[in-house]
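# Structure assessment
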Amino acid sequence: DGGYWNTTGLARAVTVRGLLDEMQRQGCTVLSHGATGRGNDQIRFERYTNVLSPGFKVYAPWRDPALLKEFPGRKQMADYLMSKGIEASVGAKKRYSTDANLAGLSHEAEDLEFLTTSSRIVEPMMTCWPEDAPDSVEKVSITFSEGFAHIINGKELSPLEMMREANKIGGRNGLGMSNAMENRVIGTKSRGVYEAPGMDLLGYALSQVYQTVLDKRSSDLFAQLSRFVSGQIYDGRYFDPSTRAALTAIDMLASRASGKVDISLYKGTAFIDSITNVPHSLYVEEFASMEADEGEQEGLDPSSAQGFVEVQRCEAIALAKAGHIQARRKIGTDGED
């Protein structure tokens, strides 16, 4: 929601699963989290705890009336910690808060809560503003196998290494910076500035492979499934049966997404140079060409399109004669188009 990579939402699933395993080994029975009562993370932390370890209890101090009375905000908590000799700072060095993980950063709160505040107050940590990127084009080659990137610039890497390398390449070229207005799970709007250079680089390259191998209906289904899964992750429902079923369907579509994508990067923008080695490509140059065919071939005979056009003509005429076609629409109070 908002058009950014939901790295924080996905990270909560990973974090809680990892925490619970270790906490149970150590005999813990209560998970306490620092999420406020105003955002999404409180729901994510607690739902994941409930579905993964139903017997585990959750304590949310920022929803405890007694604690809220003494510490109504982060500043009061920081002051308290400082009084006990524990170094803590809120807003002294920058005008927003940051949440970070391997896949991306989210910046929000404080000055960014005002829509009159420019997103450019953010000092990028994983990427850079376009004007600070190099003045020359950087070329990068990424090879995918069944939807997973495994080779970049000729080097075969593990998923962790791939993410780190993509972050470095995308980051120094200014990819992955976005400003989003999202709809929180609790019903309010929030504004954030996000960084995800590696996700931007890999996601863009992979999208080119999908466009090459998926037919129209598969592409539509893939988009629907992707949006569904992203919403589930945002709402803290990664482990739900419906999410797992959707991911299984996505895996089936991704099983044909293999190929090599060459890209040029320049000041926050990626340009496709070539798409090659795609064994399941549906793109056939001869079929797509506007030039005259040379010799006999299996494919589209331009003259055969006449019948299809005439079938479409029947529907068009029926709509027109029945009064269903409106060539102009009213805009504004004066009714002019």
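Basis of the calculations
Residues numbered from 1 in each chain as written. Predicted model: local features only at pLDDT ≥ 70, side-chain atom pairs only at ≥ 80, totals over all residues. Heavy atoms only, no water. Helix = DSSP H or I, 4+ residues; strand = E, 2+ residues; numbered from the N terminus. Rg over C-alpha atoms; globule rule 2.2 N^0.38 Å. Buried < 20%, exposed > 50% of the residue type's maximum accessible area, 1.4 Å probe, protein only. Pairing = 2+ DSSP bridges. Axes fitted to C-alpha atoms, helices over the stretch in contact; angles between N-to-C directions. Patch = residues over 30% accessible without salt bridge, like charges linked within 9 Å, V, L, I, M, F, W, Y side chains within 5 Å. Areas by Shrake-Rupley, 256 points an atom, 1.4 Å probe, with all protein chains shown as cover. Salt bridge = Lys/Arg side-chain N within 4 Å of Asp/Glu carboxyl O. 1 Å grid on protein atoms, 1.4 Å probe; cavity = no way out; pocket = protein on both sides within 12 Å on 5 of 7 lines; lining within 4 Å. Points joined across faces, edges and corners; volume = space filled by probe spheres on them. Nonpolar A, V, L, I, M, F, W, Y, C, P; charged D, E, K, R; others polar. Expected span 1.5 Å × (residues − 1). Parallel < 35°, antiparallel > 145°, perpendicular 65-115°, else oblique. Contact = heavy atoms within 4.5 Å.

On to the overall build of the chain, then. Helix and strand content of the chain: 10 helices and 11 strands. For 337 residues, the compact-globule estimate of 2.2 N^0.38 gives 20 Å, and the chain exceeds it by more than 25% at 26 Å. The C-alpha extent of the chain, read off along each of the three principal axes, is 85 × 60 × 50 Å. Each of the 337 residues in the chain was classed as buried or not, and the buried ones make up 35%.

A few words now on the sheet that holds strand β3 (residues 97-100). As summarised here, the arrangement of the 4 strands in space is β3-β4-β9-β8, forming an open sheet in which the pairing is antiparallel. Every interior strand has two partners, whereas the edge strands, β3 and β8 (177-183), have only one. Averaged over all pairs of adjacent strands, the angle between their axes in this sheet comes to 30°, without regard to strand direction.

Let's shift gears to a nonpolar patch on the surface. Where nonpolar side chains cluster on the molecular surface, the patch consists of Val 137, Tyr 266 and Phe 271 and spans about 280 Å² of accessible area. Turning to its location among the elements, Tyr 266 is positioned in strand β10 (residues 259-266). Taking the relative accessible area as the measure of exposure, Tyr 266 reaches 32% and is therefore partly exposed.

To continue, consider the pattern of salt bridges. As enumerated under the stated definition, the model contains 16 salt bridges in all. With a shortest N-O distance of 2.6 Å, Glu 46 and Arg 63 are connected by a salt bridge. One end of the pair, Glu 46, is in helix α2 (residues 41-52); the other, Arg 63, is in the loop between β2 (57-59) and α3 (65-70), with 17 residues separating them in the sequence. For Arg 63, a relative accessible area of 38% corresponds to the partly exposed category. Overlapping salt bridges bring together Arg 12, Asp 41, Arg 44 and Asp 99 as one network.

Time to look at the layout of surface pockets. As a volume, the largest pocket reaches approximately 2,200 Å³. In terms of lining residues, the largest pocket is bounded by 50 residues, among which Trp 5, Leu 10, Met 199, Leu 206 and Ile 233 are the most central. Counting residues per element, the lining of the largest pocket draws most heavily on helix α7 (residues 216-234), which supplies 10 residues. Broken down by class, the residue content of the lining of the largest pocket amounts to 30 nonpolar, 14 polar and 6 charged. A volume near 1,200 Å³ is recorded for the second largest pocket. In terms of lining residues, the second largest pocket is bounded by 38 residues, among which Thr 36, Arg 74, Ser 97, Glu 108 and Ala 109 are the most central. The dominant element in the lining of the second largest pocket, judged by the number of residues it contributes, is strand β9 (residues 189-195), at 4 residues. Residue classes in the lining of the second largest pocket are distributed as 11 nonpolar, 13 polar and 14 charged.

Next up on the list: helix α6 (residues 197-213). In a regular helix each residue adds 1.5 Å, so 17 residues correspond to 24 Å; α6 covers 25 Å between its end C-alpha atoms and thus fits that length. For α6, the full list of buried residues reads Pro 197, Gly 198, Leu 201, Leu 202, Ala 205, Leu 206, Gln 208, Val 209, Tyr 210, Thr 212 and Val 213.

With that settled, consider unusual backbone geometry. Positive phi, close to 50°, is recorded for Glu 110, a residue that is not glycine. Mapped onto the elements of the fold, Glu 110 is located in the loop between β4 (105-108) and β5 (138-145). Classification of Glu 110 as partly exposed rests on a relative accessible area of 27%. Even without being a glycine, Lys 267 presents a positive backbone phi close to 45°. Structurally, the position occupied by Lys 267 is in the loop between β10 and β11 (269-276).

Burial analysis of β9 places 6 of its 7 residues in the buried class, which makes it a mostly covered element. Examined bridge by bridge, β4 and β9 share 4 bridges and lie antiparallel to one another. Each residue of the ladder has a partner; that of Glu 108, found in β9, is Gly 192. As paired elements, β8 and β9 share 7 bridges and run antiparallel to each other. Its bridge partner being in β9, Asn 179 is matched across the sheet by Val 193. Between β8 and the antiparallel strand that follows it, β9, lie 5 residues; Gly 187 among them carries a positive phi value of about 105°.

Our focus in this paragraph is the packing of helix α5 (residues 159-172) against α6. Contact geometry of α5 with α6 gives a least axis separation of 7 Å together with a crossing angle of 95°. Relative to α6, the element α5 is oriented roughly perpendicular. For the pair formed by α5 and α6, the contact residues are Met 162, Met 163, Ala 166, Asn 167, Ile 169, Gly 170 and Gly 171 on the first element and Pro 197, Gly 198, Met 199, Leu 201 and Leu 202 on the second. A per-class count over the contact of α5 with α6 returns 8 nonpolar, 4 polar and no charged.

Along the chain, Leu 68 turns up in helix α3. In the structure, Leu 68 is positioned 236 residues away from Ser 304 in sequence and 73 Å away in space, judged by C-alpha atoms. Not counting chain neighbours up to four residues away, the residues in contact with Leu 68 comprise Trp 62 and Arg 63.

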